[in-house]
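What the coordinates show
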Amino acid sequence: MKTVYSINDTRDYIRRARAQGRSIAFVPTMGNLHDGHLSLVKKAKELADEVVVSIYVNQLQFGPNEDYDSYPRTFEEDQALLEALDVQLVFAPSSHEIYPEGAEHHTVVRVDALDGMHCGKSRPGFFTGIATVVTKLFNIVQPDYAVFGEKDFQQLCIIRKMVNDLMLPVEIIGAPIARAENGLALSSRNGYLSAEEKQTASTLYQTLSAARESIIAGDRNYDALHRDAFVKLARAGFKPDYFNIVSRHTLQPATLADKELVILAAAALGRARLIDNIQIDL
Ligand SMILES: Nc1ncnc2c1ncn2[C@@H]1O[C@H](COP(=O)(O)OP(=O)(O)OP(=O)(O)O)[C@@H](O)[C@H]1O
Ligand SMILES: CC(C)(CO)[C@@H](O)C(=O)[O-]
Ligand code: BAL
């Protein structure tokens, strides 16, 4: 496994791999790797000859009062995990490499149709920061495939739309949510939770699962399901942000005509803001 820090070294590596006719799958991450990330890497290995993983905590997607400074950075451990999976290239740029003139007044990519709702409503600028850095990373790595987790469902939809609208030559692959035994979706920010909070945190998945069961059983009172979920989460100690039953394709509130749904949820618990979702086929 090779680790590079510059765009030039990444491009050199990619050029050589391409000259040998090798295909490339890319997994962008912010590091502090867990089994969720590793499942993406395993998927990438199935898709292409070369797997490239980026580790970069992108300041542009963090709000002024968010956890950019305290975001967990565990570069050495991350490298060991990727080495064990035989990843060929790790790209770990500095902020200066990605934003040499600073992130302010930088050209951005905004996926207007999907970025003002759900997480985008609570975190203004979040998805513009993501779409912008992912575009840069795609331009640097120029992969055939890029793998993203379904845990960040809105992010995955936004990347798909961006790639489609801007005709970027990369195929986006979604990977299922990796969960802890109690159902909690794995996330780097789970590290902010105490052992007790980690148990409580599973209520988010349980609440999603219960709503899913009700809908499958025929309940179509989405407003009431939304209200009940907020009450359940608040009782468990969460500060619920949203619990939205939406069409999987538009991310707009589900109508009775929609058959492919997803429930998107976010809630704060202690220091952590957790997100999760569950899909429903009617
Ligand atoms: N539990 C999971 N299952 C599947 N994919 C995941 C999981 N957690 C993260 N990913 C995916 O890994 C990629 C990198 O995500 P990121 O580095 O932000 O990790 P994270 O654990 O989601 O961090 P955070 O706690 O900051 O949200 C994204 O495509 C994300 O969807
Ligand atoms: C896609 C991503 C690596 C962009 O910084 C980040 O949003 C993430 O880790 O999901
Ligand atoms: N996994 C999404 C990145 C973020 O929350 O900043």
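Residues numbered from 1 in each chain as written. Chains lettered and ligands numbered in written order. Predicted model: local features only at pLDDT ≥ 70, side-chain atom pairs only at ≥ 80, totals over all residues.

1. Focus on the sheet that holds strand β6 (residues 171-175)
Stated formally: Think of it this way: DSSP has to see at least two bridges between two strands before they count as a pair. Secondary structure elements are taken from DSSP: a helix is a run of H or I of four residues or more, a strand is a run of E of two residues or more, and numbering for both begins at the N terminus. Helix axes use the C-alpha atoms of the stretch in contact, all axes being lines fitted to C-alpha atoms, and the angles between their N-to-C directions lie in the range 0 to 180 degrees. In this description, a residue-residue contact is defined by the distance between C-beta atoms placed from the backbone, which must lie within 7 Å.
Read from one edge of the open sheet, six strands run β1-β4-β3-β2-β5-β6, paired in parallel fashion. Edge strands, defined here as strands with exactly one partner in the open sheet, are β1 (2-4) and β6. Across the sheet, the mean angle from the axis of one strand to that of its neighbour is 25 degrees, orientation sign disregarded. Of the pairings in the sheet, the one linking strand β3 (residues 50-55) to strand β4 (residues 89-91) comprises three bridges and is parallel in character. Within β4, the residue paired with S54 across the bridge is F91. Helix α1 (residues 7-19) rests against β1, β2 (24-29), β3 and β4 of the sheet, and its axis sits at about 140 degrees to β1.

2. Some thoughts on the domain arrangement of the protein chain
So the rule is basically this: The start and end points of each domain follow an automatic or database-based domain assignment. In the scheme used here, Gly and all other residues not listed as nonpolar or charged are polar, with Ala, Val, Leu, Ile, Met, Phe, Trp, Tyr, Cys and Pro taken as nonpolar and Asp, Glu, Lys and Arg as charged.
Taken domain by domain, the protein chain holds domain 1 (2-175) and domain 2 (188-281). Every contact between the two is made by twelve residues of domain 1 and, on the other side, eleven residues of domain 2. Among the secondary structure elements, those contributing two or more residues to the side of domain 1 that touches domain 2 are α5 (119-122) and α7 (153-165). Here the side of domain 1 that touches domain 2 takes three residues from α7, the largest share from any one element. Its residues placed into classes, the side of domain 1 that touches domain 2 shows seven nonpolar, five polar and no charged.

3. Let's talk about the nonpolar core
Quick note on the threshold: The term nonpolar core refers to a group of buried residues, namely Ala, Val, Leu, Ile, Met, Phe, Trp, Tyr and Cys, whose C-beta atoms join them within 7 Å. Three exposure classes are used. Buried residues have 20 or more other C-beta atoms within 10 Å of their own C-beta, exposed residues have 12 or fewer, and partly exposed residues fall in between, all C-beta atoms being placed from the backbone.
Counting 70 residues, the largest nonpolar core has V53, V141, I158, I263 and A265 as the members making the most contacts within it. Considering every element that reaches this core, the biggest residue donor is helix α6 (residues 126-141), with ten residues. Beyond its immediate chain neighbours, meaning those up to four positions away, V53 contacts V27, T29, V41, L82, V87 and V90.

4. So, the UniProt feature "active site" (unreviewed entry) in the protein chain
Rule in force here: UniProt positions are given in the numbering used here, feature names are shortened, and annotations may be inferred rather than shown by experiment.
Cross-referencing UniProt, the feature "active site" (unreviewed entry) maps to H37 in the present numbering. Following the sequence through the fold, H37 ends up in helix α2 (residues 35-47). Overall, the presence of 25 C-beta atoms within 10 Å leaves H37 in the buried class.

5. Focus on the sheet that holds strand β9 (residues 272-281)
A sheet is described by the order of its strands in space; here three strands give the open sequence β7-β8-β9, paired in antiparallel fashion. At either end of the open sheet lies a strand with only one pairing partner, and these are β7 (239-247) and β9. Strand-to-strand twist in this sheet, taken as the mean axis angle between neighbours without regard to direction, amounts to 10 degrees. Pairing of β7 with strand β8 (residues 260-269) involves eight bridges; the strand directions are antiparallel. Paired with P240 across the strands is A267, a residue of β8. Sheet contacts for helix α8 (residues 195-216): β8 and β9; angle to β9, the most-contacted strand, approximately 25 degrees. Docked against the sheet, helix α9 (residues 222-236) engages β7 and β8, running at close to 155 degrees with respect to β7.

6. Concerning the environment of C157
Note that C157 resides in helix α7. Under the C-beta neighbour-count criterion, C157 is labelled buried, with 25 such atoms within 10 Å. Here the alpha-carbon distance between C157 and H249, two residues 92 residues apart in the chain, equals 8.0 Å. Look past the residues within four positions of C157 in its chain and what remains in contact with it is L114 and L251.

7. Comments concerning the packing of α6 against α7
How two helices pack is summed up by the angle between their axes together with the distance between the axes. The condition is simple: In this scheme, roughly parallel covers angles under 35 degrees and roughly antiparallel covers those over 145, while 65 to 115 is roughly perpendicular and the rest are oblique. Handedness of each helix crossing follows the sense of rotation of the near helix against the far helix: counterclockwise by less than a right angle gives left-handed, clockwise gives right-handed.
The contact between α6 and α7 brings their axes to 10 Å, and the two run at 50 degrees. With respect to α7, the element α6 is oriented oblique. The crossing of α6 and α7 is right-handed. Where α6 approaches α7, its residues F127, I130, A131 and V134 are matched on the opposing element by Q155, I158, I159 and M162. Of the residues that constitute the contact of α6 with α7, the class distribution is seven nonpolar, one polar and no charged.

8. Some remarks on the site of ligand 2
Test applied: Think of it this way: take the backbone, place a C-beta atom on it, and check whether that atom is within 6 Å of the molecule or strand, in which case the residue is near it.
Taken together, P28, T29, M30, N58, Q61, I130, V133, V134, D152 and Q155 make up the full set of residues adjacent to ligand 2. Put simply, the parts of the chain that give the shell around ligand 2 at least two residues each are β2 and α6. A total of three residues in the shell around ligand 2 trace back to one element, the largest contributor, which is α6. Here the residues of the shell around ligand 2 are counted per class, giving five nonpolar, four polar and one charged.

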